[in-house]
Amino acid sequence: MDKDQHLRPVVSDVIKEFKAAGHFDRLRKDCFGEITSQPLFQNLNKNIEEYVKKFLEDQEKLGVPLRKNEIRDTLRRKLYENLSFNQEITNLINQAIDSKKDPALRPLVDSIVEKIVKPNESESENKPRASFIPEHIAFTPVADNKPPV
């Protein structure tokens, strides 16, 4: 049995509350706005558009009749397998996440956790408390190497 399995319902509740309060949407919009405004993103976007254009031209030159779904799936797989694109995307995401290590975010998450873990305690108590989030795992970007579905 996983040692953290008892925490899964709490983590799920924290995520639900974080989303329900609109914090996730705000964070996502902030990150997306920051990513799309960077020259690295604009250059990556241009490179991907050129790659797609060349791929489609090559498909046309081959003259092999493929269905749209097959072409889309092949293109998606080739884009995913392109290590250069994946590395640039990962860097952009990590930069956005790193920039959102907002000092106000941790207390916000802690207050949601406390509300779920200790629902009967008054929120008006202004006593200092330790964070519920271990320092070594808090807001650490994780590279997702799974293919898109």
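Note that the structure is a prediction, hence the values are computed from the model and not measured. (Residues numbered from 1 in each chain as written. Predicted model: local features only at pLDDT ≥ 70, side-chain atom pairs only at ≥ 80, totals over all residues. Heavy atoms only, no water.)

Now, about the overall build of the protein chain: what can you tell me, with residues and values included?
A count of helical and extended segments in the protein chain gives 6 helices and 0 strands. In the protein chain, which comprises 149 residues, the share counted as buried stands at 18%. (Helix = DSSP H or I, 4+ residues; strand = E, 2+ residues; numbered from the N terminus. Buried < 20%, exposed > 50% of the residue type's maximum accessible area, 1.4 Å probe, protein only.)

So what about the environment of V11? Which residues, and what values?
By the element assignment, V11 lies in helix α1 (residues 8–20). Between the alpha carbons of V11 and I116 there is a distance of 9.6 Å; along the sequence they are 105 residues apart.

A description of a nonpolar patch on the surface should follow, citing residues and the corresponding values.
A surface patch of nonpolar side chains, about 240 Å² in accessible area, is lined by L7, V11 and I15. Judged by relative accessible area, which is 45%, V11 ranks as partly exposed. (Patch = residues over 30% accessible without salt bridge, like charges linked within 9 Å, V, L, I, M, F, W, Y side chains within 5 Å. Areas by Shrake-Rupley, 256 points an atom, 1.4 Å probe, with all protein chains shown as cover. Salt bridge = Lys/Arg side-chain N within 4 Å of Asp/Glu carboxyl O.)

Can you explain the side chain of E88? Please cite residues and give values.
Among the secondary structure elements, E88 is positioned in helix α5 (residues 83–99). With residues up to four places along the chain from it excluded, the contact list for E88 reads L40 and L44. (Contact = heavy atoms within 4.5 Å.)

An account of the nonpolar core is requested, with residue identities and associated values reported.
Counting residues in hydrophobic clusters, the biggest one holds 14 residues, and the most contacted among them are V14, F18, L27, L105 and V109. If you list the elements that add at least two residues to this core, you get α1, α2 (23–36), α5 and α6 (105–117). No other element matches the 5 residues that α6 contributes to this core. When sequence neighbours within four positions are dropped, the list of residues in contact with L27 reads F18, K100 and L105. (Core = buried A, V, L, I, M, F, W, Y, C linked by side-chain atoms within 4.5 Å.)

Got a sec to walk through the packing of aromatic side chains? Specific residues and values, please.
Within this structure, the stated rule accounts for 1 aromatic pair. Taking 5.5 Å as the distance between ring centres and 85 degrees as the angle between the ring planes, the aromatic pair formed by Y51 and F85 counts as edge-to-face. Here Y51, found in helix α3 (residues 39–62), pairs with F85, found in helix α5; they are 34 residues apart in sequence, far enough to count as distant. Residue classification places F85 among the buried positions, given a relative accessible area of 7%. Across the ring face of F24, the terminal group of K19 is positioned such that the distance to the ring centre comes to 5.3 Å. (Phe/Tyr/Trp six-rings, centres within 6.5 Å; stacked < 30°, edge-to-face > 60°. Lys NZ or Arg CZ within 6 Å of the ring centre and 35° of its normal.)

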